[in-house]
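Listed below, chain by chain, are the residues.
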Amino acid sequence: MAKEFVARGQDLELRNIRKEFPGFVAIEKLDLKVPAGEFFALLGPSGCGKTTTLRLVAGLESPTIGQIFIGNTDVTETKPHERPVNTVFQSYALFPHMTILENVAFGLRQRKVDDPLTKAKEALNMVQLAHLAERKPQQLSGGQQQRVALARALVNRPSLLLLDEPLGALDLKLRREMQTELKAIQMEVGLTFLHVTHDQEEAMDMADTVAVMNLGRIEQMGAPEELYDRPKTVFVSKFLGQSNLLVGEVGSSSANSISIDVAGNKISVPKHRAEKHDGKITIGFRPEKATFHTKKPSTNSNENLIGPGEIIDIRFTGVSNQYLIDVPSIGEITVFAQNMGQSPIFELGQQVWISWSVEHSFGLADLPTGDETE
Amino acid sequence: MAFAAFGSSVKVEAKPTKSGKVVIALLAPGLAYLGAFFLTPLIALIMVSLEVPDPAGGYAEYVPGFEIANYGYVISEYFPHIMRSFSYALMATVLALVISYPLAYFIGVKARPWPLLQKLMLTLVIAPFFISFLLRTLAWKQIFSNESWIVTTLQQWGVLGETQYVVGSSFMVVFGLTYNFIPFMTLPLYTSLERLDLRYLEAGADLYASPAKVFRKVTLPLSMPGVISGTLLTFIPIAGDYINASGDFLGSPETAMMGNAIEANYLNINDYPSASALSVLLMGVILLLVTWYVKKSGTEDLL
């Protein structure tokens, strides 16, 4: 029974998973493959089914239909304590009646690993909490408890480590620190991490692959850069960062691009960056990709231009200024301008034109319904 | 790490800010009550337990003295009663715990999704209290009476001998004690299990502990406050109980406990010093046992 301390990360595969609870469907249909050693993030708003997915993998829930494989072994019917999986819970769930050291040694003792206390101490050293080994969990701060929970899971060298919004309860500064630390630990131990979060920055910062979940299904999956640069649905474009979306009928199209007419402005998108090439489509662009002009610039086929519009709100966020521009018969457009110190100063009420490169446009597969999560 | 060093900072106790007079005024009724109805009788009891027979007086007349030998006398005379008191109390407490724990676990944990069922089951646990426990105990005596079909059937099956009966046996007394005190065990257990955070159990299962191990390592330790208060609330009153073991109810002279000996000494043979010595003894032993038990279970901070 005593397993070797060093194990390798393993593949995780979910096949055709559906999970129903009395009265609602938490997961519609889910197919997912996480390669060994990868840092995989499941990103989505609360209630999208991401935590349920995690609990299915941990064995704390069982799927209504579908199968779960860990390293080619079907674990669908396996009890949680028999799965080579450990979880860092959102609430940490450190046993309040045990010392920190005993908490960390718990899994090792259950598996009858030799010398559990020494290994538990090593794990506490890794998260730099060895000096608190004899304390009780309730004597520790949130950040410390989070690290103990991480050590308690990692010390078992599971094939798969599940993280259920483990940084949710920490303040911003500590969260950033822990993100760096967590990523470093993952690189060092080479385990497969499945991280569930609703924080898009956290997911993009840490994960090799991000899957964006909404209403019980995966909307889009890919590397963070790819997802951000080329979202395929309205939900992804709004949930991962911010987007300005314009809707119109496809009018003209050239060999490489298609264009829509929005209130008299011709807005183009390269064909390879559009999901749909005819009918009514949505074209989006990121607020930081756009620039202002106080005078109408000469148009150029590589640039999209809308305006004039009126600046109705300016928000200073430190590194950038966020401008909200009301463009008649189009609506509100957001533009971020880097705080370089030398940029022209725009004021509330000023008339501006907005332009961005056609290459930075993206065409989405669906149309905005108006109630997407921002 | 820098933020690790602040964990053990000095605890600042909040200083009482109210003036001393107000505190005394608020405490006075409680202190007066304790003085009049606890301390005074206790001292009186200890004094009576040391009294000696009046050399000039007649039957059941005693004068103040310092007769420690009274204690030696009751210990030797009533040793079987003392042993019975504590062994019955131990058995009934353990039985009540074994019966109550699954019941409380079901009501407090398994029935959480159905609050109505929880309330109904709790009501059923408490409902017997609406009928006097003397009546209920007598009812059991009736059920297990010598002519009842239970006893005749047991005799036919050879479980009981021709002249063996249930009423008057140690079994019957422990049965009655367990029955009468089960709610005192179930309710504290329920209160602590009802607050049990199931996420700890999930964490245990996630860390390779089988359901049995999760129970032993997580559920049971976390419900210890309920176990401790439940066992104290049953053990202490059972050790001093004299109804169940009395010959008028479920017992016989062979099952008499300390409470019955105290009753006999005080009301029948008017040996007040012996009755008082037995009372003091009962109290002292319970105090010692409870202190040892609480220390041993490492839960001083829970009381």
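What you are looking at is a predicted structure, and each value in this text was computed from that prediction instead of being measured.

Visitor: For this particular structure, what's the right way to read the domain arrangement of chain A?
Guide: One frequently used descriptor of interface size is the decrease in accessible area upon assembly of the parts. All names here are of chain A. The domain boundaries assigned to chain A delineate domain 1 (12-229) and domain 2 (234-364). Placing a centre on the C-alpha atoms of domain 1 and another on those of domain 2 gives a separation of 38 Å. Counting only elements with at least two residues in the side of domain 1 that touches domain 2, the list comes to strand S9 (209-214), strand S10 (217-222) and helix H7 (224-229). For the side of domain 1 that touches domain 2, the residue count by class is 4 nonpolar, 3 polar and 1 charged.

Visitor: Please explain the sheet that holds strand S3 (residues 39-43) of chain A as it appears in this structure.
Guide: Pairing between the strands of a sheet comes from backbone hydrogen bonds, and it takes one of two forms, parallel or antiparallel. Residue and element names in this part refer to chain A. Spatially, the 6 strands line up as an open sheet ordered S6-S7-S8-S3-S9-S10, and their pairing is mixed. Edge strands, defined here as strands with exactly one partner in the open sheet, are strand S6 (85-88) and S10. The sheet shows a mean angle of 20° between the axes of neighbouring strands, direction not considered. Two elements, S3 and S9, share 4 bridges in a ladder whose sense is parallel. Directly across from leucine 43, in S9, lies its bridge partner valine 212. The sheet contacts of helix H4 (residues 142-154) involve S6 and strand S7 (160-164), and relative to S6 the element is tilted by about 180°.

Visitor: Just checking my understanding: could you explain unusual backbone geometry for this structure?
Guide: Note on backbone geometry: most residues besides glycine have negative phi, and most peptide bonds are trans. Of note in the backbone geometry, lysine 112 of chain A takes a positive phi value of approximately 55° without being a glycine. Topologically, lysine 112 of chain A is positioned in the loop between helix H2 (100-110) and helix H3 (116-126). Residue classification places lysine 112 of chain A among the exposed residues on the basis of 11 C-beta atoms within 10 Å. Phi angles above zero are rare outside glycine, and alanine 60 of chain B is one such case at about 60°. Structurally, alanine 60 of chain B is set in the loop between strand S1 (52-53) and strand S2 (62-63).

Criteria and cut-off values
- Residues numbered from 1 in each chain as written.
- Chains lettered and ligands numbered in written order.
- Predicted model: local features only at pLDDT ≥ 70, side-chain atom pairs only at ≥ 80, totals over all residues.
- Domains from an automatic or database assignment.
- Helix = DSSP H or I, 4+ residues; strand = E, 2+ residues; numbered from the N terminus.
- Nonpolar A, V, L, I, M, F, W, Y, C, P; charged D, E, K, R; others polar.
- Pairing = 2+ DSSP bridges.
- Axes fitted to C-alpha atoms, helices over the stretch in contact; angles between N-to-C directions.
- Contact = placed C-beta atoms within 7 Å.
- Buried ≥ 20, exposed ≤ 12 C-beta atoms within 10 Å, placed from the backbone.

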